[in-house]
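The lines below spell out each chain.
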Amino acid sequence: MCACRRIGSYQLVEEQMSLVTQAAQLDTKDVWQFYGNSDPALLPELETDEFLRAVHCRPREVQ
């Protein structure tokens, strides 16, 4: 049996590549702001549970 790593469907790869393209054009903080995080500079200072409650993540297009 092959123990090869799989990265997913072609649609998932396209979704991931669109994020890479966006991240290459913007500063990291701008990407966080784009997805609804008003003050991304504060995020690293939050405790894990606070971070998970406060952060807005990128919506997934491919399930």
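Residues numbered from 1 in each chain as written. Predicted model: local features only at pLDDT ≥ 70, side-chain atom pairs only at ≥ 80, totals over all residues. Heavy atoms only, no water.

Visitor: In this structure, what is going on with the packing of aromatic side chains? I would like to understand it.
Guide: The description of two aromatic rings rests on the distance between their centres and on the angle between their planes. Taken as a whole and assessed by the stated rule, the structure comprises two aromatic pairs. Here the aromatic rings of Trp-32 and Phe-51 are separated by 6.2 Å at their centres, their planes lie at 75 degrees, and the arrangement is edge-to-face. Of this pair, Trp-32 sits in helix H2 (residues 28-34) while Phe-51 sits in helix H3 (residues 48-54), and the two are 19 residues apart along the sequence. Take Phe-51: its relative accessible area is 25%, and that puts it in the partly exposed class. Relative to Tyr-35, the ring of Phe-34 has its centre 5.0 Å away and its plane inclined at 90 degrees; by these criteria the two rings are edge-to-face. (Phe/Tyr/Trp six-rings, centres within 6.5 Å; stacked < 30°, edge-to-face > 60°. Helix = DSSP H or I, 4+ residues; strand = E, 2+ residues; numbered from the N terminus. Buried < 20%, exposed > 50% of the residue type's maximum accessible area, 1.4 Å probe, protein only.)

Visitor: How should I be thinking about the environment of Gln-22 in this particular structure?
Guide: Checked against the element boundaries, Gln-22 lands in helix H1 (residues 10-25). Discounting residues that sit within four places of it in the chain, Gln-22 has contacts with Val-31, Phe-34 and Tyr-35. (Contact = heavy atoms within 4.5 Å.)

Visitor: What should I look at first to understand the pattern of salt bridges in this one?
Guide: A side chain with one charge can pair with a side chain of the opposite charge if their charged atoms come near. Following the criterion strictly, the structure yields three salt bridges and no others. In this structure, Glu-15 and Arg-60 form a salt bridge, with 3.3 Å as the shortest nitrogen-oxygen distance. Taken as a pair, Glu-15 in helix H1 and Arg-60 in the segment after H3 lie far apart in primary sequence, 45 residues in all. Among the residues examined, Glu-15 registers a relative accessible area of 3% and is labelled buried. (Salt bridge = Lys/Arg side-chain N within 4 Å of Asp/Glu carboxyl O.)

Visitor: Quick question: what am I supposed to make of H1 here?
Guide: Compared with an ideal rise of 1.5 Å per residue, which puts 16 residues at 22 Å, H1 spans 23 Å between its outermost C-alpha atoms and is within 8% of the ideal. Turning to H1, its buried residues number three or more, namely Leu-12, Glu-15 and Gln-22. For H1, the buried positions fall inside an angular range of 85 degrees around the axis, keeping them on one side. Seen from the buried face of H1, the exposed residues on the opposite side, beyond 90 degrees, are Tyr-10, Ala-24 and Gln-25. Elements in contact with the buried residues of H1: H2. (Expected span 1.5 Å × (residues − 1). Arc of directions from axis to C-beta.)

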